[in-house]
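So you can see what is in the structure, the chains are spelled out below.
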Amino acid sequence: QVQLVESGGGLVQPGGSLRLSCAASGFTFSVATMSWYRQARGKERELVADISSGGGNTNYADSVKGRFTISRDNAKNTMYLQMNSLKPEDTANYHCSATYLSSLTRYTHWGQGTQVTVSS
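Residues numbered from 1 in each chain as written. Predicted model: local features only at pLDDT ≥ 70, side-chain atom pairs only at ≥ 80, totals over all residues. Heavy atoms only, no water.

S.K.: Would you take a moment to explain the pairing of strand β9 (residues 92-102) for this structure?
M.R.: The side chains of a regular strand alternate between both faces of the sheet. Most of β9 is tucked away, with nine of its eleven residues classed as buried. As judged from the seven bridges shared by strand β4 (residues 33-39) and β9, these two strands associate in the antiparallel manner. Its bridge partner lying in β9, Q39 is registered against N93. Two strands pair when backbone bridges link them, and β9 and strand β11 (residues 114-118) are joined in this way by three bridges, in the antiparallel orientation. Its bridge partner being in β11, N93 is matched across the sheet by Q115. (Buried < 20%, exposed > 50% of the residue type's maximum accessible area, 1.4 Å probe, protein only. Helix = DSSP H or I, 4+ residues; strand = E, 2+ residues; numbered from the N terminus. Pairing = 2+ DSSP bridges.)

What follows is the structure, given as structure tokens:
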């Protein structure tokens, strides 16, 4: 059974930092493209960042470039999102997702999410 479990969210003051983790199981983590998405209340879900299976390629939303860093540890089946210089507009529920091919079928799985609230 595929599981993606996020952790590390919480309440932080503007300018602060948080590190999110996404622990994966039930599939071959090292072949999956991994992504972080976020959805703020009343808004559509948006892609925050993604990382290739080997970790060599990353992409970021313009709104987080220079502040957030996505990484992964394939030995630990875990992906991370280091978030620095947080702003109130970063407040959202953050989800991780995994996308991979198996037997010519594309699979995408989602975690339940972890809430990040940036407020003074």
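S.K.: Honestly, the packing of aromatic side chains in this entry has me stumped. Any pointers?
M.R.: The geometry of an aromatic ring pair is captured by the separation of the ring centres together with the interplanar angle, meaning the angle of the planes. By the definition in use, this model includes four aromatic pairs. Ring geometry for F27 and Y100: centres 5.2 Å apart, planes at 0°, overall stacked. In this pair, F27 is assigned in the loop between β3 (18-25) and β4 and Y100 in strand β9, connecting sequence segments 73 residues apart. Three or more aromatic residues joined by ring pairs form one cluster here, namely F27, F29, Y100 and Y107. The residue whose ring lies beneath R45 is W110, and the NZ or CZ to ring-centre distance is 4.0 Å. A cation sits over an aromatic face here: R72 above F29, 4.4 Å from the ring centre. (Phe/Tyr/Trp six-rings, centres within 6.5 Å; stacked < 30°, edge-to-face > 60°. Lys NZ or Arg CZ within 6 Å of the ring centre and 35° of its normal.)

S.K.: Would you explain the state of the cysteines in this entry?
M.R.: According to the stated counting rule, one finds one disulfide in the structure shown. The side chain of C22 participates in a disulfide bridge whose partner is C96; the two sulfur atoms lie 2.1 Å from each other. On the sign convention where negative is left-handed, the bridge of C22 and C96, at about 60° about the S-S bond, is right-handed. Here the residue C22 occupies a position in strand β3, and C96 occupies one in strand β9, the gap between them amounting to 74 residues. (Disulfide = S-S within 2.5 Å.)

S.K.: Honestly, the pattern of salt bridges in this entry has me stumped. Any pointers?
M.R.: Side chains bearing opposite charge may pair, as long as their charged atoms lie close to each other. In this structure the tally under the stated criterion is four salt bridges. R38 is the salt-bridge partner of D90, the closest N and O atoms lying 2.9 Å from each other. Of this pair, D90 sits in the loop between β8 (78-83) and β9 while R38 sits in strand β4; the two residues are 52 residues apart in sequence, bridging distant segments of the chain. Of the residues examined, D90 reaches a relative accessible area of 1% and is grouped as buried. Taking the relative accessible area as the measure of exposure, R38 reaches 6% and is therefore buried. (Salt bridge = Lys/Arg side-chain N within 4 Å of Asp/Glu carboxyl O.)

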